[in-house]
Amino acid sequence: MLSFIVKRILYAIPVLWIVASLTFLLVRVVPGGPFDSDRNLPKEIIANLEAKYNLNKPLHEQYFLYLGRLAKGDLGVSYKYANRTVNDIIGDAFPVSLQLGCLGLMIAICIGVPLGALAGVNRGTLIDYLAMFMSTAGISLPSFVIGAGLIFFAGISLKILPVALWETPAHMILPAVTLAFGPAAYLARLTRGSVLEILEKDWVRTARSKGLSKFSTVVKHVLRNALVPVVTVLGPITATLITGSFVVEYIYAIPGMGRFFITAVSNRDYDLIMATTLIFSILLLITNTIVDITYKFLDPRMEVDG
Amino acid sequence: MKTVKRDVFTRVKKIPTAHFSMWVIGAICFIALLSYFNVPFTPYSFDETSELVLAGPSVQHLMGTDELGRDVLTRVIYGSRLSISIGIVTAIVGFVIGTVYGAVAGYLGGKADSILMRIVDVAYSLPDLLVMILIGVLIGRGTMGILLALALTSWRGTARLVRAQFIQLKNEEFVEAARAQGQNHVLIVLKHMLPNSLGPVIVAMTFTVPAAILSESTLSFIGLGLSPPACSWGTLASDGWRALRTHPHLIFFPSMFIFMTVLSFNYLGDGLRDAIDPRTRI
């Protein structure tokens, strides 16, 4: 197990290096720089600014300077949010996004798993069709539509919940629900499929035939086993949550990573783009590793190559 | 092969949701095509003097008008051209790149395979939308840029799928027989292996269309995709978002079209999957 984890970490380093290099190249090749925005700065000032941030040096020099700083854990400075280091911004934004993501994931699990299980157990009935319609509809609705709908009804018409910012727990309800929609639909589909598969196993029939009620068979025997594949989709779900956070943080004006990424891209805020991209890929690599470990743990027959 | 195709088609038609979805998709595509000949109003001309600025739905303007007095229904129909073609073109380009890539990796096997698949792994280590945003910014935010950004992220799944199929097929007897006959590699791949691996790939392609439509609209919505004067469901929704408080009809109708189209493609994909491989029916 330990050697597996070490192997994965060793594998992650070159991946991150490639991601860092590609993003580095990408953001600098893109037309437009961080200082040619709306304010028309004189040429001299731009030149001075560029000199200050080493942007006038040849590309390969900038690259090695960046890697050197990165190795020391220095993510650079933001050109847009003057006097703030990227470490600072990430330090503020990351906990917000983490909170949002965890809340979203919790809501998604609480809705998706029971819905899917209910559909699977009642296969072919109205409940099944309704649950599956909800789930297909859930993956077919863009999160900005869900967000706009929720804001319109809960925020504007009924005025029961705040629709922007990230302050009190009440502020967190709408964004977290918006974010949870997609993953919940995904989890419901998966749980249903997995429940159906387990229901056909011999030992379920045994449990039923020894007189166990349908309810306790499902809860004690089916669900426990059906949840195994559900655990392993943590990877793709994390990716969905990250993608969702772009939109959710945008529409609810939440100062999280997704929002900073979007504004950084628009502003050509090089170091901030790099830092957010790297953190997103680290997150994905970590969850994928956890998923692989869970696979190994749950089913030792599984061959997982590092 | 022909009978197989007809067989799949009959089976899809027996699934009510998939059958109905085919009609919905057909209708939306028809309306999009029809817009080249006739639309209720012109999409770009506007009339700021009339009271028809930001009017709600009425008999004359079924979906109301926008801030410049333009008919929303006409704009939604125009938007369907761009949104649907982006979905379909992305699916086709992703299909071609992914199939070639996966076929090469799966057929060659060994070192070449593991190198090619490592590249896919790296490409997968970033969330789609993030890659799309970065590529879109690089190429430019026109239709071409978005198309390329979407296509360049959509091939990875297909590549994995085709590779897995090829690795399985490589050891099948009919492939071995073809090889024993001394047929050349390209012919074996094209004639024997590709047709046998197409089923799941076509299903994946069906799911790529709605995914691309969703991605395009999301990108345009957050201001990193298409921008006016380009007119897609995403840019329309983005316009409507700003007036959500006062004129919700502006975001409602484009969103409804996105939802209907994406839902139909998803149901069609489900139906195709069940029809092509009845064993996976769950």
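The present account deals with the structure reproduced in this document. Here the structure is a predicted model, which means the values were calculated and not measured. (Residues numbered from 1 in each chain as written. Chains lettered and ligands numbered in written order. Predicted model: local features only at pLDDT ≥ 70, side-chain atom pairs only at ≥ 80, totals over all residues. Heavy atoms only, no water.)

### Some points on unusual backbone geometry
All names here are of chain A.
Part 1: Even without a glycine there, the phi angle at Lys159 is positive, about 55°.
Part 2: Structurally, the position occupied by Lys159 is in the loop between α6 (143-157) and α7 (169-199).
Part 3: Lys159 gets classed as exposed once you look at its relative accessible area, which sits at 66%.
Part 4: Unusually for a residue other than glycine, Arg268 sits at a positive phi of about 55°. (Helix = DSSP H or I, 4+ residues; strand = E, 2+ residues; numbered from the N terminus. Buried < 20%, exposed > 50% of the residue type's maximum accessible area, 1.4 Å probe, protein only.)

### Description of the interface of chain A and chain B
Part 1: The interface is formed by 49 residues belonging to chain A together with 35 residues belonging to chain B.
Part 2: Taken together, the two surfaces of chain A and chain B that pack against each other cover about 3700 Å², and 78% of this comes from carbon and sulfur.
Part 3: Of all residues in chain A, the largest losses of buried area upon contact with chain B belong to Leu26, Ser140 and Phe144 of chain A, amounting jointly to 16% of the total for that side.
Part 4: On the surface where chain A and chain B come into contact, there are 1 salt bridge. (Contact = heavy atoms within 4.5 Å. Buried area = accessible area lost by both parts, 1.4 Å probe. Salt bridge = Lys/Arg side-chain N within 4 Å of Asp/Glu carboxyl O.)

### Some remarks on the packing of aromatic side chains
Part 1: Taken as a whole and assessed by the stated rule, the structure comprises 13 aromatic pairs over all chains.
Part 2: Three or more aromatic residues joined by ring pairs form one cluster here, namely Phe24, Tyr63, Phe64 and Tyr66 of chain A.
Part 3: The ring of Tyr36 of chain B has Arg81 of chain B lying over it, and the distance from NZ or CZ to the ring centre is 3.6 Å.
Part 4: The cationic tip of Arg81 of chain B hangs over the ring face of Tyr78 of chain B; the distance from NZ or CZ to the ring centre is 4.2 Å. (Phe/Tyr/Trp six-rings, centres within 6.5 Å; stacked < 30°, edge-to-face > 60°. Lys NZ or Arg CZ within 6 Å of the ring centre and 35° of its normal.)

### Quick look at helix α9 (residues 233-242) of chain B
Part 1: Burial within α9 of chain B is extensive, with 8 of its 10 residues counted as buried.
Part 2: Where α9 of chain B is concerned, the buried positions are Trp233, Gly234, Thr235, Leu236, Ala237, Ser238, Gly240 and Trp241 of chain B.

### Focus: the side chain of Ser140 of chain A
Part 1: Tracing the backbone shows Ser140 of chain A in helix α5 (residues 126-140).
Part 2: Within the structure, the side chain of Ser140 of chain A is placed 2.7 Å from the backbone oxygen of Thr136 of chain A, a separation counted as a polar contact.
Part 3: Separated by 2.9 Å, the side chains of Ser140 of chain A and Asn266 of chain B make a polar contact.
Part 4: Excluding residues that lie within four positions of it along the chain, Ser140 of chain A makes contacts with Leu214, Phe259, Val262, Leu263 and Asn266 of chain B. (Polar contact = N/O pair within 3.5 Å; in protein donor to acceptor, adjacent residues only side chain to side chain.)

Purely geometric stuff here, so don't read any function into it on its own.
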